[in-house]
Amino acid sequence: MSLENCPLCGNGEFSLLYPSTLGKKKEAASQYNCTSHGLGIHPDIFRCRSCAMVFNEPAPDSADVADEYEQVEDPEYLAQRESRHLTFHRELDAIEKVQGKGELLDVGCYTGFFLECARERGWNVSGVEPSRWAAEYARNELAVEIFNGPVERYTTDRSFDVVTMWDVLEHLPNPVEVLSILRQYVKPDGLLVFATHNLDTTVARVLGRNFPLFMEMHTVHFTNETLTMLLEKTGFRLERKHNQMRAVRLGYLFSRLRRFGETPERIAASVLKALSLEDRIVWTGLVGVETYFVRPI
Ligand SMILES: [Zn+2]
């Protein structure tokens, strides 16, 4: 589907910012048959002439996106439980400093790892998750209360001290609509916390068109300016933000080398194995992802 209007301001005039790198994908798909490693592989990226919002064009159709997320299955993710927990506990430390504990809703909670961490610390948790597989995992394995479906279909009379949304915003073709929905669920003195990549970070500026988080599934890309506009439009104000530190298994980190071909990945894998470092966890903070704490106005 072609985007007829800017996903932030609705204007219809765009300029090409970065040309497509999808040509690389065809090569990669035939050679390595691994399309899920699509870091840095993206369609044309445009910038709105009116508000400077940056987005993929063509954007995927919302209904197709919803279908795809409903059907997603990702058992490989389960192996990352330990490193995800470390990342999430670090974020919860920061949240609890400013908000204490209480009722928490995680939107796009996937397999429920964040909710599991929060519950351990005394939060009362529930989640919203479109993937059937991930929602079932969270329900059956972690006994977490989950609504299985897109957030646009979720309804509740409850409101929450904290609503979180980890690595979801950049996937949304309709970020204004989704943040407006979340605004209803955050208590007046509550907090919305989300993480997304920011094009004003050093890594994004230096890498330009080759910034790895430009991907087909990442449809919108914010800057400080466009993020401020999004918050103003949806009734929030930025309270603080921090560069997100992520715990990553070395084996997983080096598997990302696949985008440069099989040989670098194979060499890295043998070196890690020889040194017994595959399961070693390292912290990385250089990926251009920031965590935002925002409050209802
Ligand atoms: Zn615009």
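Conventions used here
- Counting starts from 1 at the beginning of each chain's written sequence and moves along it residue by residue.
- Given that the model is predicted, a residue must reach a pLDDT of at least 70 before its local features are reported, and side-chain atom pairs must reach 80 or more before they are shown or counted; all residues, however, enter totals for whole chains, interfaces and linings.
- Counting from the N terminus, the helices are DSSP H or I runs at least four residues long and the strands are E runs at least two residues long.
- It is over C-alpha atoms that the radius of gyration is taken, and the globule rule equals 2.2 Å times the number of residues to the power 0.38.
- Note on burial: count the other C-beta atoms lying within 10 Å of the residue's C-beta; 20 or more is buried, 12 or fewer is exposed, in between is partly exposed, and C-beta positions come from the backbone.
- Each residue gets a C-beta atom placed from its backbone, and two residues are in contact if those atoms lie within 7 Å.
- Throughout, an axis means a line fitted to C-alpha atoms (over the contacting stretch in the case of helices), and angles, computed between N-to-C directions, take values from 0 to 180 degrees.
- The scheme is simple: roughly parallel for angles under 35 degrees, roughly antiparallel for over 145, roughly perpendicular for 65 to 115, oblique for anything else.
- When the near helix sits turned anticlockwise from the far one by under a right angle, the crossing is termed left-handed; a clockwise turn instead gives a right-handed crossing.
- Classification convention: Asp, Glu, Lys, Arg as charged; Ala, Val, Leu, Ile, Met, Phe, Trp, Tyr, Cys, Pro as nonpolar; all other residues, Gly among them, as polar.
- Strand pairing follows a simple DSSP-based rule, namely that at least 2 bridges must link the two strands.
- Think of the arc as the fan of directions from the helix axis to the C-beta atoms.
- Seen with the strands pointing away from the viewer, any crossover whose path from the first strand over the helix to the second strand runs clockwise is right-handed.
- By convention in this section, buried Ala, Val, Leu, Ile, Met, Phe, Trp, Tyr and Cys residues joined through C-beta atoms within 7 Å make up a nonpolar core.

**Some details on the overall build of the chain**
- Counting secondary structure elements, the chain contains 11 helices and 13 strands.
- For a compact globule of 297 residues, the expected C-alpha radius of gyration is about 19 Å, and the chain comes in at 19 Å, within 12% of that figure.
- Along the first, second and third principal axes, the C-alpha set of the chain runs to 55 × 50 × 35 Å.
- Burial statistics for the chain: of 297 residues in total, 36% are counted as buried.
- For the chain, long-range pairs separated by at least 24 residues make up 74% of all intrachain contacts whose partners lie at least 6 apart in sequence.

**A look at the packing of helix H4 (residues 81–99) against helix H5 (residues 113–120)**
- Between H4 and H5, whose axes approach to 9 Å, the crossing angle comes to 55 degrees. On the basis of their axis angle, the class for H4 and H5 is oblique. With respect to the hand of their crossing, H4 and H5 are arranged in right-handed fashion. Residues Arg81, Arg84, His85, Phe88, His89 and Leu92 of H4 touch H5, and the partners they reach there are Phe113, Phe114, Cys117 and Ala118.
- When grouped by side-chain class, the residues that make up the contact of H4 with H5 number 6 nonpolar, 2 polar and 2 charged.

**Concerning the sheet that holds strand E9 (residues 220–221)**
- The strand order across the open sheet formed by 4 strands is E1-E2-E3-E9, and the pairing between neighbours is antiparallel. Edge strands, defined here as strands with exactly one partner in the open sheet, are strand E1 (14–18) and E9.
- Bridge analysis of E1 against strand E2 (residues 45–48) gives 4 bridges, and the strand direction is antiparallel. Of the residues in E2, the one forming a bridge with leucine 16 is phenylalanine 46.

**Looking at the environment of isoleucine 146**
- You can see isoleucine 146 is positioned in strand E6 (residues 145–148).
- Judged by C-beta crowding, with 23 C-beta atoms within 10 Å, isoleucine 146 ranks as buried.
- Taking C-alpha positions, isoleucine 146 is 36 Å from arginine 47, a pair spaced 99 residues apart along the chain.
- Here isoleucine 146 is in contact with Cys109, Gly112, Gly127, Glu129, Ala135, Ala138 and Arg139, once residues within four sequence places are set aside.

**Examining the pairing of strand E13 (residues 289–296)**
- Both strand E8 (residues 186–197) and E13 contribute to a ladder of 6 bridges, which runs antiparallel. Across the sheet, residue histidine 197 finds its bridge partner in E13, namely valine 289.
- Where strand E10 (residues 236–243) lies against E13, 7 bridges are found, and the strand directions are antiparallel. What sits directly across from phenylalanine 236, in E13, is proline 296.

**With respect to helix H7 (residues 175–185)**
- All of the buried residues in H7 are Pro175, Val178, Leu179, Leu182 and Tyr185. Taken end-on, H7 shows its buried residues confined to a sector of 105 degrees, consistent with a single buried face.
- Elements that come into contact with the buried residues of H7 comprise strand E4 (103–107), strand E7 (160–166), E8, E9, helix H9 (224–234) and E10.

**What to know about the pairing of E8**
- Examined bridge by bridge, E7 and E8 share 6 bridges and lie parallel to one another. Pairing of valine 163 across the sheet is with leucine 192, part of E8.
- Where the polypeptide runs from E7 across H7 and back to E8, its parallel neighbour, the crossover connection is right-handed.

**As for the sheet that holds E8**
- Strands sit in the order E6-E5-E4-E7-E8-E13-E10 across an open sheet of 7 strands; the sheet is mixed. Here the strands that pair on one side only, and so sit at the sheet edges, are E6 and E10. Geometrically, the sheet is characterised by an average inter-axis angle of 20 degrees between neighbouring strands, direction not taken into account.
- Where E4 lies against strand E5 (residues 124–129), 5 bridges are found, and the strand directions are parallel. Considered in E5, the bridge of leucine 104 is made with valine 125.
- Across the sheet, helix H6 (residues 132–142) touches E5 and E6, and the angle it forms with E6 is around 165 degrees.
- Against the sheet, H7 contacts E4, E7, E8, E10 and E13, and its axis sits at roughly 145 degrees relative to E8.

**Some details on the nonpolar core**
- By size, the foremost hydrophobic cluster in this structure holds 66 residues, and its most contacted members are Val107, Val163 and Leu192.
- By residue number, the principal contributor to this core is E8, which donates 6 residues.
- Excluding anything up to four places from it in sequence, leucine 192 contacts Val163, Leu182, Val186, Phe236 and Val294.

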